[in-house]
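Read off the chains here:
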Amino acid sequence: MTLLPAVVDRRAVARTAPLRPGGRPPKRPAPPSSNVPELWGAVVAIWVAAVLVVIAPTIVILASPDPDHGPWYLPLIITTIAGARYAWIIGEGYRRLVEMSFWVFTYVFMGLAPIAQLRMQADTPTTPRIDHSLDGRTVLLITVGLIAFLVGLQIARLVWPRLPRALVEVDQREQAINLPRAVFLSLFALAVNAYWVSSVGVGSLFASRFEAIAQAQSALGEGFVTAIISATAMMSLLVSFIATVKYYVAAERKDRLLLALIVVLGLTLLITVNPISSARYLFGTAALAVTALFGLYATKGRFRTVAILAVVGLALIFPFADAFRYSSSGQFKSTDPLQSLASPDYDAFQQVNNTIHYVDSHGTTSGKQALGVILFWVPRQYWEDKATDTGVLLAKDRQYQMENLSAPLWSELYINGGWPILILGMMVVGLIAGVQDRRIERSLLHARAPTILACILPFYLIILLRGSLLQAMSFLVIIVGSAIFVSQWRWLRIPAARRATPVRARRMLTAPPADRKPGVGR
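Model, not experiment: these values are computed from the prediction.

Enquirer: Quick question: what am I supposed to make of the overall build of the chain here?
Expert: A count of helices and strands for the chain gives 21 helices and 2 strands. Restricting the contact set of the chain to residue pairs at least 6 apart, pairs at least 24 apart contribute 81%. When the accessible area of the chain is evaluated, it comes to approximately 25,400 Å², of which 66% is carbon and sulfur surface.

Below you can see the structure in the form of structure tokens.
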């Protein structure tokens, strides 16, 4: 008997192996699949769930005094739902950027902060005289909204295989950047920024946010014009920077003039949207959008790291990031993390409570607030009965001194139409989130950065969730309009073998494409 050598030449074996019918060599056996990534994801999910659902609320409970009365434990329902879903997202590893923003906001603002506030019996300073008999209904309203959002996610999973090919097969080759329009928008953004800076003053940009706002209102006046100019100065610049960088990276020949334009845009963006004079939400949106552009979510590991740090950032760092709001020297509201959870930054739970109080007293607005959001661009001088910000409406109803308050998405929906609009609206938000996250995951399988809108909107969502929507609309319209303007939509004809049949569409998020770049999406 002849023994085979210890080292076998696989190419020689392939050459000498008998041919299959038709002259084709036999297929090599597939390598055994490894469950290590799935096992690691499960371990991460379990640990994150333990921290968010058990450890973090326990720390808040043990560090705060026992309340004399009140159902302080009810927000644990919210932390459990949001924490469990957030842990599942991190463990799964798919880049669900929209869901990430939704659940991290819900967990911190609607769950963890209310536990601390109710146990310390400390309402936020800007929302005093809260009717705590409505706390149970407040938790119920938020929980029903979360369940409706989860139902919307399930609907998105069901309709995804049946969506048209144009909504499924999205990659960077199909959404190219139109260079002439991108350059035009860049020059336009720089011109608007020059006008904005000359009106506000360079010194105000590095003084304090209060001083910058006061200077802008003094030079440009209050209202719609100032909001549009500031939104254009900041967001068109951000879109221009992302568009030109994406074009430069994809171009085979690197243009030095385009590189110089990118440098100018980047420096101007850093000066205009800086952490001193800019709102924390806007600066955070711009910073996370730029990091997404440079591949922060290109791999599952990076996504998991950012998702974990997002919770820490919103719960611990976010209150201290407002140090330059009233002074250029930096003034912290509180150095105690527990006390910070009762600061005006975390008034979302109280404002939902105030919304229930308003509807009980006056009824819903029958869509008047929503109409004001849709027609935000109509000046008040032509529409005297135009709705004010929902946060302002609630503040006037409760006779607060501070009227520039938040109005979470739950409040916006409930005050417009009660329970039916709340449930329907949150289901629609969940449906959109589920579809967009799948599109983002598909785009990240082909490139290190998602599309322009996918770089910005998932993080701007936190502003929309906190509200008021009327305040956020001008920036949102500028973002979407600028992105559409610089994009060259080319819906390519996809061969029949690549079209999104129901079976193939269901596998899109699990079966990696053959043309995936090495190291991307792992």
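Enquirer: Can you help me understand the pattern of salt bridges in this one?
Expert: Evaluated as defined, the whole model comprises 8 salt bridges. Here Arg119 ties to Asp66 by a salt bridge, and the two come within 2.7 Å at their closest N and O atoms. One end of the pair, Arg119, is in helix H4 (residues 97-120); the other, Asp66, is in the loop between helix H2 (36-63) and helix H3 (76-92), with 53 residues separating them in the sequence. One salt bridge in this structure joins Glu99 and Arg96, with 3.7 Å as the shortest N-O distance. With a relative accessible area of 8%, Arg96 lands in the buried category. Overlapping salt bridges bring together Arg85, Glu92, Arg96 and Glu99 as one network.

Enquirer: What is the right way to look at the packing of helix H7 (residues 179-200) against helix H20 (residues 469-486) in this model?
Expert: Running from N to C, H7 and H20 cross one another at 140°; their axes reach a closest spacing of 8 Å. Comparing the axis directions of H7 and H20 gives the class oblique. Facing H7, whose interface residues are Arg181, Ala182, Phe184 and Leu185, H20 presents Ser482, Phe485 and Val486. Here the residues of the contact of H7 with H20 are counted per class, giving 5 nonpolar, 1 polar and 1 charged.

Enquirer: I'm lost on a nonpolar patch on the surface in this one. Help?
Expert: Where nonpolar side chains cluster on the molecular surface, the patch consists of Leu39, Trp40, Val43 and Trp47 and spans about 490 Å² of accessible area. Relative to the helices and strands, Trp47 resides in helix H2.

Enquirer: Would you mind going over helix H19 (residues 452-466) with me for this structure?
Expert: Helical geometry: 3.6 residues make up each α-helical turn, so side chains three or four residues apart lie on a common side. Its axis deflected by about 35° at Pro458, H19 carries its strongest bend there. Counting buried positions along H19 gives 13 out of 15 residues, so the element sits mostly inside the fold.

Enquirer: Sorry if this is basic, but what is going on with the environment of Ala287 here?
Expert: For Ala287, the location among the structural elements is in helix H12 (residues 280-293). Spatially, the C-alpha atoms of Ala287 and Val273 are 9.1 Å apart, while their sequence positions differ by 14 residues.

Enquirer: Could you clarify how one ought to interpret unusual backbone geometry in this entry?
Expert: Peptide bonds are mostly trans, and most non-glycine residues show a negative phi. The phi torsion at Gln121 lies on the positive side, around 50°, for a residue other than glycine. Counting through the fold element by element, Gln121 comes out in the loop between H4 and helix H5 (135-159). Positive phi is not limited to glycine here, since Gln399 has a value of about 60°. Looking at the element boundaries, Gln399 is found in the loop between helix H17 (390-397) and helix H18 (409-444). For Gln399, a relative accessible area of 66% translates into the label exposed.

Enquirer: Would you mind going over H12 with me for this structure?
Expert: Taking 1.5 Å per residue, 14 residues should reach 20 Å; H12 reaches 20 Å between its end C-alpha atoms and fits that length. Within H12, the full set of buried residues consists of Arg280, Tyr281, Leu282, Thr285, Ala286, Ala289, Val290, Ala292 and Leu293. In the segment just after H12, Gly295 is the residue with positive phi, at about 90°.

Enquirer: Help me out: how do you make sense of the confidence of the model for the chain in this one?
Expert: For the chain, mean pLDDT is 79; residues scoring 70 or higher make up 77% of the total. The element-level mean pLDDT for the chain is lowest in helix H1 (residues 10-16), coming to 41, with H5 highest at 95. Within the model, pLDDT remains below 50 along residues 1-34, and this stretch shows 8 contacts once partners closer than five positions in the same chain are excluded. In this model, residues 491-522 is a region of pLDDT below 50 whose contacts with residues beyond four sequence positions or in other chains number 59 contacts.

Enquirer: Honestly, the packing of aromatic side chains in this entry has me stumped. Any pointers?
Expert: Working definition: an aromatic ring pair is given by the centre-to-centre distance plus the angle between the planes. Going through the model one piece at a time under the given rule, you end up with 11 aromatic pairs. Consider the rings of Phe105 and Phe109, whose centres lie 4.7 Å apart with planes at 15°: the pair is stacked. Placement of both Phe105 and Phe109 in helix H4 is noted, with a separation of 4 residues, approximately one turn of the helix. Each member of the pair Phe105 and Phe109 is classed as buried. Through a chain of ring-to-ring contacts, three or more aromatic side chains come together here, namely Phe102, Trp103, Phe149 and Trp410. The positively charged end of Lys254 is found above the aromatic ring belonging to Tyr248, 5.1 Å away from the centroid.

Enquirer: How should I be thinking about the environment of Ser240 in this particular structure?
Expert: Tracing the chain through its elements places Ser240 in helix H10 (residues 224-250). Under the relative-accessibility criterion, Ser240 is labelled buried at 0%. For the pair Ser240 and Leu261, spaced 21 residues apart in the sequence, the C-alpha separation amounts to 9.9 Å. Non-local contacts of Ser240, meaning those with residues more than four positions away in its chain, are made with Leu185, Ser186, Ala189 and Leu265.

Enquirer: What is the right way to look at the side chain of Thr138 in this model?
Expert: Locating Thr138 in the fold gives a position in helix H5. Look past the residues within four positions of Thr138 in its chain and what remains in contact with it is Phe349, Val352, Asn353 and Ile356.

Enquirer: Help me understand the side chain of Thr272 in this model?
Expert: Along the chain, Thr272 falls in helix H11 (residues 256-272). Judged by its relative accessible area of 2%, Thr272 is buried. A polar contact of 2.7 Å, which involves the side chain of Thr272, links it to the side chain of Asn193. If sequence neighbours within four positions are ignored, Thr272 has contacts with Asn193, Trp196, Met234, Leu237 and Ser278.

Enquirer: In this structure, what is going on with the packing of H5 against H18? I would like to understand it.
Expert: A packed helix pair is summarised by two numbers, namely the angle formed by the two axes and the spacing between the axes. Relative orientation of the contacting elements H5 and H18 amounts to 35°, with a least axis distance of 7 Å. Two packed elements cross with a definite hand, and for H5 against H18 that hand is right-handed. When grouped by side-chain class, the residues that make up the contact of H5 with H18 number 23 nonpolar, 4 polar and 3 charged.

What counts and how
- Residues numbered from 1 in each chain as written.
- Predicted model: local features only at pLDDT ≥ 70, side-chain atom pairs only at ≥ 80, totals over all residues.
- Heavy atoms only, no water.
- Helix = DSSP H or I, 4+ residues; strand = E, 2+ residues; numbered from the N terminus.
- Contact = heavy atoms within 4.5 Å.
- Areas by Shrake-Rupley, 256 points an atom, 1.4 Å probe, with all protein chains shown as cover.
- Salt bridge = Lys/Arg side-chain N within 4 Å of Asp/Glu carboxyl O.
- Buried < 20%, exposed > 50% of the residue type's maximum accessible area, 1.4 Å probe, protein only.
- Axes fitted to C-alpha atoms, helices over the stretch in contact; angles between N-to-C directions.
- Parallel < 35°, antiparallel > 145°, perpendicular 65-115°, else oblique.
- Nonpolar A, V, L, I, M, F, W, Y, C, P; charged D, E, K, R; others polar.
- Patch = residues over 30% accessible without salt bridge, like charges linked within 9 Å, V, L, I, M, F, W, Y side chains within 5 Å.
- Bend = angle between axes of the 7 residues up to and from the residue.
- Expected span 1.5 Å × (residues − 1).
- pLDDT = per-residue confidence, 0-100.
- Phe/Tyr/Trp six-rings, centres within 6.5 Å; stacked < 30°, edge-to-face > 60°.
- Lys NZ or Arg CZ within 6 Å of the ring centre and 35° of its normal.
- Polar contact = N/O pair within 3.5 Å; in protein donor to acceptor, adjacent residues only side chain to side chain.
- Left-handed = near helix turned anticlockwise from the far one by under 90°.

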